[in-house]
Amino acid sequence: DRRIFCMSSDGDMNEGSTWEAIMFAAQEKLSNLTLIIDYNRVQALGHSEDVIDLRDLKTRLEAFGWAVAEIDGHNVEEIYNTLSKVPFDEKKPSAVIAYTVKCKGIPELEDTVKSHYKFVADEDMERVIKEIEEA
């Protein structure tokens, strides 16, 4: 009778244990489970298509027995409206693929692999916060 939300990244989708859990959840019809995937296409070792290309993630999840929605992960209203509709199917777990841009609003880090390792220096913090607010 409780909802369970699990956040994941597109990089996590490279793991075999992730897909084992996805198969198990579908088999057990865990309709109280919602998987939210931050799909920014940038992983610690490179861009997703260069590491392990997920191609059509929605189709893959549906083939594994999940009900899937795709959203703009930067649109708060769309996130709220989508999550308000779970479960999408009373007999399936739900997945939300949230398409995002890694470090959106910070020009020197946006959509870059180095954003996994670089920190913002104290003297740049005020500028970076302003850039994010204006994005």
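Since this is a predicted model, take the numbers as computed values, not measurements. (Residues numbered from 1 in each chain as written. Predicted model: local features only at pLDDT ≥ 70, side-chain atom pairs only at ≥ 80, totals over all residues. Heavy atoms only, no water.)

Caption draft 1: Structural detail: unusual backbone geometry. Note that the residue after Val 86, namely Pro 87, is joined by a cis bond; omega there is 0 degrees. Within the secondary structure layout, Pro 87 lies in the loop between helix H4 (76-83) and strand E6 (94-99). One non-glycine residue with positive phi stands out, namely Arg 41, at about 65 degrees. Along the polypeptide, Arg 41 turns up in the loop between strand E2 (33-39) and strand E3 (42-43). Owing to a relative accessible area of 34%, Arg 41 belongs among the partly exposed residues under this scheme. Unusually for a residue other than glycine, Arg 55 sits at a positive phi of about 45 degrees. Counting through the fold element by element, Arg 55 comes out in the loop between helix H2 (48-51) and helix H3 (57-63). Note on Arg 55: relative accessible area 61%, which makes it exposed. (Helix = DSSP H or I, 4+ residues; strand = E, 2+ residues; numbered from the N terminus. Buried < 20%, exposed > 50% of the residue type's maximum accessible area, 1.4 Å probe, protein only.)

Caption draft 2: Spotlight on helix H1 (residues 16-27). The terminal C-alpha atoms of H1, which comprises 12 residues, lie 17 Å apart, in line with the 16 Å expected from a rise of 1.5 Å per residue. Buried within H1 are the following residues: Thr 18, Trp 19, Ile 22, Ala 25 and Ala 26. Taken end-on, H1 shows its buried residues confined to a sector of 120 degrees, consistent with a single buried face. Exposed positions of H1 whose direction lies more than 90 degrees from the buried face are Ser 17, Glu 20 and Gln 27. Positive phi shows up at Lys 29, right after H1, with a value of about 55 degrees. (Expected span 1.5 Å × (residues − 1). Arc of directions from axis to C-beta.)

Caption draft 3: Broad picture of the environment of Ser 9. Of note, Ser 9 is situated in strand E1 (residues 4-9). For the pair Ser 9 and Val 42, spaced 33 residues apart in sequence, the C-alpha to C-alpha distance is 9.5 Å. Aside from chain neighbours lying at most four places away, what touches Ser 9 is Ile 37 and Asp 38. (Contact = heavy atoms within 4.5 Å.)

Caption draft 4: Layout of the nonpolar core. Membership of the largest hydrophobic core comes to 16 residues, with the highest contact counts inside it found for Met 13, Ile 22, Ile 37, Leu 57, Leu 61, Trp 66 and Ile 97. When contributions to this core are tallied by element, the ones reaching two or more residues are H1, E2, H3 and E6. The residues touching Trp 66, leaving out its near neighbours within four places in the chain, are Ile 22, Ala 25, Ala 26, Leu 33, Leu 35, Leu 61, Lys 92, Pro 93, Ser 94 and Ala 95. (Core = buried A, V, L, I, M, F, W, Y, C linked by side-chain atoms within 4.5 Å.)

Caption draft 5: Inspection of a nonpolar patch on the surface at higher detail. The grouping of Leu 45, Val 51, Ile 52 and Tyr 117 at the surface amounts to a nonpolar patch, some 440 Å² of accessible area in total. Tracing the backbone shows Tyr 117 in the loop between E6 and helix H5 (125-134). (Patch = residues over 30% accessible without salt bridge, like charges linked within 9 Å, V, L, I, M, F, W, Y side chains within 5 Å. Areas by Shrake-Rupley, 256 points an atom, 1.4 Å probe, with all protein chains shown as cover. Salt bridge = Lys/Arg side-chain N within 4 Å of Asp/Glu carboxyl O.)

Caption draft 6: Region of the structure containing the packing of aromatic side chains. This model, assessed by the stated rule, comprises 2 aromatic pairs. Aromatic pair Trp 19 and Phe 64: ring centres 4.8 Å apart, planes at 50 degrees, arrangement tilted. Here the residue Trp 19 occupies a position in helix H1, and Phe 64 occupies one in the loop between H3 and strand E5 (67-72), the gap between them amounting to 45 residues. Accessibility expressed as a relative area gives 14% for Trp 19, which makes it buried. Judged by its relative accessible area of 32%, Phe 64 falls in the partly exposed class. Note that Arg 41 overlies the ring of Tyr 39, its terminal NZ or CZ placed 5.6 Å from the centroid. (Phe/Tyr/Trp six-rings, centres within 6.5 Å; stacked < 30°, edge-to-face > 60°. Lys NZ or Arg CZ within 6 Å of the ring centre and 35° of its normal.)

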